[in-house]
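# Structural characterization, general
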Number of protein chains: 2
Amino acid sequence: MKDIQITQETRMANAIRALAMDAVEAAKSGHPGMPMGMADVATVLFNRFISIDPAAPKWADRDRFVLSAGHGSMLIYAINHLLGYADMGMDQIRSFRQLGSRTAGHPEYGHADGIEVTTGPLGQGIATAVGMALAERMKNARYGDDIVDHFTYVIAGDGCLMEGISHEAIDMAGHLGLGRMIVLWDDNKITIDGSTDLSTATDQMARFAAAGWHVLACDGHTATGIADAIEAARQDPRPSLIACRTVIGFGAPNKQGGHDVHGAPLGAEEIAAARKALDWPHAPFEIPSDLYAAWGRVAERGAAARAAWEDRLAAHPARAEFLAAEAGDTRALPRAMAAYKAKLIADKPKVATRKASEMALEVVNGAVPSTVGGSADLTGSNLTRSKAMKSVQANDFSGNYIHYGIREHGMAAAMNGLALHGGFKPYGGTFLAFADYARPSIRLAALMGVPVTYVMTHDSIGLGEDGPTHQPVEHLASLRAIPNLRVFRPADAVETAEAWEVAMAATDGPVMLVLSRQNLPVVRDSADENQTARGAYLLREPEKRDVTLIATGSEVEIALAAADLLAAEGIKAAVVSAPCFEAFATQPRAYVERILGTAPRIGVEAALRMGWDLFLGPADGFVGMTGFGASAPAPQLYEHFNITPQAIVDEAKSLI
Amino acid sequence: MKDIQITQETRMANAIRALAMDAVEAAKSGHPGMPMGMADVATVLFNRFISIDPAAPKWADRDRFVLSAGHGSMLIYAINHLLGYADMGMDQIRSFRQLGSRTAGHPEYGHADGIEVTTGPLGQGIATAVGMALAERMKNARYGDDIVDHFTYVIAGDGCLMEGISHEAIDMAGHLGLGRMIVLWDDNKITIDGSTDLSTATDQMARFAAAGWHVLACDGHTATGIADAIEAARQDPRPSLIACRTVIGFGAPNKQGGHDVHGAPLGAEEIAAARKALDWPHAPFEIPSDLYAAWGRVAERGAAARAAWEDRLAAHPARAEFLAAEAGDTRALPRAMAAYKAKLIADKPKVATRKASEMALEVVNGAVPSTVGGSADLTGSNLTRSKAMKSVQANDFSGNYIHYGIREHGMAAAMNGLALHGGFKPYGGTFLAFADYARPSIRLAALMGVPVTYVMTHDSIGLGEDGPTHQPVEHLASLRAIPNLRVFRPADAVETAEAWEVAMAATDGPVMLVLSRQNLPVVRDSADENQTARGAYLLREPEKRDVTLIATGSEVEIALAAADLLAAEGIKAAVVSAPCFEAFATQPRAYVERILGTAPRIGVEAALRMGWDLFLGPADGFVGMTGFGASAPAPQLYEHFNITPQAIVDEAKSLI
């Protein structure tokens, strides 16, 4: 720090530096450069501004801190240790990057308190923070300053700002005017390959300004400069970017400022030199008690703020409503859904499942006030907006529908942020083919276990004329491959409603609804039990089976037609609807055996066979796609690619 | 057009409008808004500037035209029809979006001449164009202005500029100073959901300027303004953005300017009104001969330019070298590779396959001068740079190594552009987990059949401490799911070299090399035949098999160790190395049966089982992952997740 030689804040920052370099050294791997470079910025941020209570890490109105540059994980581990988080003892710092520790190579949500989001894949943190900052404003609009009034701080590196998702994020934040979002950019001019000059010439401050942000700069090693910048950012009604000019690996005298310090241990010699340079005479993993006390005062300030907030909440007229939303209350849903499904069984509407989803959303959104809908600019196609929904607009956050723009990736990350922030159940739509654009954020939702719902429509060649760029063929397989993501492909309006029930009940991971563009008949006679939740079930069960047809979504209708054709020829076909492979995989063995039977099987899905080994052996049949689609009206495509009742009949005859 | 009531250029543009609205009407689906809105801009661009020869659509020095807003496909179909492309007769316009036509819903590369790239997934066109413009400058640096001197023009919409990939693209283009790239932005203030005000407030001109671009604006319906802007853009040494202020659906008097005109037929009534408004009295699909003649003069100008270019090429000292690169010449490779592989067999180096890839690249890049390497800021980790390579720098294009920055998506798209442009064989690296970021461009490479090579390192839990965010578990399955993408996961240095041979020989689709961080022993005794190219082959074949172990990449070593353990217990295990599932799937049945045998099988891969049904039935075994990874040293993770020789032994005993 240039303005004062060794202030207490400098020593607080050096505690971060020492823990970072010692933990990386002990682990023999990790990234000391960022924690050491940003230690002063982070110290000023926490020491003077951030309001959190380590004793109540989930306090709803805490400031959110997002380490978007997740490789610098030792920064947050060190800070959380110094702040006194109960689960971040020195044993955790010592076991950085070791099996079973809470201190993974990159910060993992759920592994330790005070980690608001899993980061590491670059750009995800800043984009998730947009959702958090949006959630704060939306809750503020509902409940007022008394109980919702906090900031979302992000530390981001050059990588975060080079990734495309950062564009979607900052465009969205600037448009919406998320003034409570403050990004501290570690402007160290270094990437892994070397100087940033190797790969970028963007004027980041001008870029953020173009997106409607308030931008300012500071020396990242000057406490007063850092503090003044943060204070100015807090006052400005726009989201703020603070370019913090830093030296990567600050304190390591021979290595700082170079790219070698980014992602490798400093080595014993350089660590010794750094201890000298930083005037840090303490042994590895040893922190002087006065520094614990200093960091402890940050926690005390937060605890006091939380206590005052608890009092305000207790007196707040909307207390019950607030807590219900925080708890993800869906108690009103079952009854409303039961009535809706009974009506479906009575009316048997032949609608596209995207339309069925819209119908279900009228019920869901009516019963669950914490839902937040949206679409990546395909509202009229995804049918994600129920009638009573109101658009969230720039500087008007009273609505509950987000126009995410043509930003699938930013949408998925913001949905993560909305859910992680708490108080909201986000869902968002695009075409299934464009799940690819959002995939890194979908993966993080699954890894974190965040309950968000994707509404992915136009789910096969059934979308017709838009052609192969828009026709998913490998997407079902690739999405079913993501652990902890449940993919539902409902066959009709009843299954769609049931899938929405599962999505609303989910607490530990994302749910994806994969929906048709084309109309589909109701195939169910009863909705008394949520069959969809079991993953697969029998729609038609002859006394003795010659063949079992297993289909999903829009192909269930085709399988049923095939069963009729087969019946006319005296061949008895069972028909299984299989809306969710992941759910079926968790069913008891007896159930699985009853559903699948012992007859030869044919899978039917307008997609590739990959993933169907859950149902099919090598001797079984499959009617589906083998490559990319084509541009033509949908009925012609089904004929062209031979996904027809007759094709199933032919396959059945060849098998039995 | 405002400056002149009905000039010939206006009528040329109206021909586009008429064909667009009539074709969409006939197809009963499609997007008339963009072609009608951008018809004037496109007409001025082609009429006054673009140099192409429809009779020689692959002429190397043609200007490239990229319709990034691919939903406006009728714009390019109409233009190519009017220009006289032989394969774009009126029958094609009439059969827009019909089965078997060349006029797919979105422009598909390879379906018709004059379509430089498949577009439709938004942002891909502009990002691919960066690669094309880069290729042009790199070839210009090699061969000079005489034979390489053209522009890359892009028409992009709001969607293209909102997608994150656009940030990666424009940052890269601005940094490199790709002055021959000119983006014509259809600034119509409309997206599908409605006004752009719903979702964005970005000042695009300021944003592009921040990325180092030359920016200017024009009225998109005023010919002189359009022409002046394009001329200024051509003169400026920076890449240029021209904001073309347009009215979406221009000419449809009651619908223009609104979002309903974006993606639906106008209807008979509105089309009649448009005919009147545009003073276009001609029948549907009827173009007056003077307009064919006018458009034909554009083609004639291009033909003359090409003829002059052919003369210059004939006299060019580097003619043979130029043509060899254009043809993708790899003739020097087999001999060099044979020597290198013989040395590998002799030396048996125990290296990570990423290191083996670097070693192979010394040979590949030495023998194939048209390779262009690069990495998304992980050069030292991906090991993508051979010693003699030289970095491409801003305004110095004599190198052959690209620092793509932290931009996996932009890299993959630029690689598509380099390959599509011709004359280069691009490869680029990142971590396998971040293939997700690049996935939409990888899919397009596969859909287009573009030969590019992805170098994806750190391919499993074997990367160790970086933890689950960086550890691919579902990626192999999700990438193998992409049709026409060949995924190679080599087991040692020999297989890595063989995979590079396949990659260099590829002409019809992308190849992905999936490489280990950790060291692996050479498992091959001979490199006389490229066994890797067969997809799977026997490494160890006992006379009679009790079990067949099938493994890929780093798990082949483990399978071999398991076979040793089993042999010690008298159990005979065959070991199959299966570096490429897609290649194995195309082998003759007799070969497949010989490799797989009839004994029980066990798949071994540090990834999810999905996709293994190519080799395994329900009764077979699998030793691999069942969910996300963890952060710890790699050897501990293999133990923790039970991917060990002993686990294979246990599985084998339970099966036989």
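Above this note sits the structure.
Residues numbered from 1 in each chain as written. Chains lettered and ligands numbered in written order. Predicted model: local features only at pLDDT ≥ 70, side-chain atom pairs only at ≥ 80, totals over all residues. Heavy atoms only, no water.

### Let's talk about the overall build of chain A
The following threshold applies: Numbering of helices and strands runs from the N terminus; a helix is a DSSP stretch of H or I covering at least four residues, while a strand is a stretch of E covering at least two. Three exposure classes are used, based on accessible area relative to the maximum for each residue type with a 1.4 Å probe and protein chains only: buried under 20%, partly exposed in between, and exposed over 50%. Contact definition: two residues touch when any of their heavy atoms are within 4.5 Å. Surface exposure here means Shrake-Rupley accessible area, sampled with a 1.4 Å probe, where a residue is shielded only by the protein chains that are shown.
Along the backbone of chain A there are 25 helices and 20 strands. Looking at chain A as a whole, 70% of its 656 residues qualify as buried. The long-range share in chain A, meaning contacts at least 24 apart out of those at least 6 apart in sequence, stands at 78%. As displayed, chain A offers around 19500 Å² of accessible surface, 51% of which is attributable to carbon and sulfur atoms.

### A word on helix H19 (residues 493-505) of chain B
Residue and element names in this part refer to chain B. For clarity, the cut-off: An expected span of 1.5 Å times one less than the residue number is assigned to each helix. Nitrogen and oxygen atoms within 3.5 Å of one another constitute a polar contact, given that in protein one can donate a hydrogen and the other can accept it, and given that sequence-neighbouring residues count only through two side-chain atoms.
Here H19 is 13 residues long and its end C-alpha atoms lie 19 Å apart, about the 18 Å a rise of 1.5 Å per residue gives. The buried fraction of H19 amounts to 12 of the 13 residues, a majority that puts the element mostly inside the structure. Taken together, the buried positions of H19 are occupied by Ala-493, Val-494, Glu-495, Thr-496, Ala-497, Glu-498, Ala-499, Trp-500, Glu-501, Val-502, Ala-503 and Met-504. With a side-chain oxygen lying 3.0 Å from the backbone nitrogen of Val-494, the N-terminal cap of H19 falls on Asp-492.

### Here we look at the interface of chain A and chain B
Test applied: A 1.4 Å probe defines the accessible area here, and the buried area is the portion of it lost by two parts on being joined, summed over both. Salt bridge criterion: a side-chain nitrogen from Lys or Arg within 4 Å of a carboxyl oxygen from Asp or Glu. Note on residue categories: nonpolar means Ala, Val, Leu, Ile, Met, Phe, Trp, Tyr, Cys or Pro, charged means Asp, Glu, Lys or Arg, and polar means any other residue, Gly included.
The interface of chain A with chain B comprises 96 residues on the first partner and 96 residues on the second. Around 7800 Å² of area is buried between chain A and chain B when both sides are counted, 57% of it from carbon and sulfur atoms. Inspection of the chain A/chain B interface yields 6 salt bridges. Measuring nitrogen to oxygen at the nearest pair gives 2.6 Å for the salt bridge that ties Glu-474 of chain A to Arg-443 of chain B. Where chain A touches chain B, the interface holds 55 residue pairs in polar contact (both at pLDDT 80 or more). Put simply, the parts of the chain that give the side of chain A that touches chain B at least two residues each are helix H7 (158-162), helix H8 (164-176), helix H9 (204-210), helix H16 (379-382), helix H17 (408-421), helix H18 (435-448), helix H19 (475-480) and helix H24 (634-640) of chain A. A per-element tally of the side of chain A that touches chain B places H18 of chain A first, with 8 residues. A breakdown of the residues in the side of chain A that touches chain B according to their chemical character gives 38 nonpolar, 36 polar and 22 charged.

### Some remarks on the sheet that holds strand E6 (residues 214-219) of chain A
Residue and element names in this part refer to chain A. Heads up, the rule is: By definition, two strands form a pair when at least two bridges between them are found by DSSP. Only the stretch in contact is used when fitting a helix axis, every axis being a line fitted to C-alpha atoms; angles between N-to-C directions are given from 0 to 180 degrees.
Strand order in the open sheet formed by 5 strands is E1-E2-E3-E7-E6, with parallel pairing between adjacent strands. Every other strand in the sheet has two partners, leaving strand E1 (64-67) and E6 as the edge strands with one partner each. Averaged over all adjacent pairs, the angle separating strand axes in this sheet is 20 degrees, with direction ignored.

### Concerning the side chain of Ser-375 of chain A
Residue and element names in this part refer to chain A. Inspection of the secondary structure assignment puts Ser-375 in strand E9 (residues 371-375). On the accessibility criterion, Ser-375 (0% relative accessible area) is buried. A distance of 2.8 Å separates a polar side-chain atom of Ser-375 from the backbone nitrogen of Leu-378. A distance of 3.5 Å separates a polar side-chain atom of Ser-375 from the backbone oxygen of Gly-429. Excluding its chain neighbours within four sequence positions, the residues that come into contact with Ser-375 are Asn-382, Thr-384, Tyr-401, Ile-402, His-403, Tyr-404, Gly-405, Met-411 and Gly-429.

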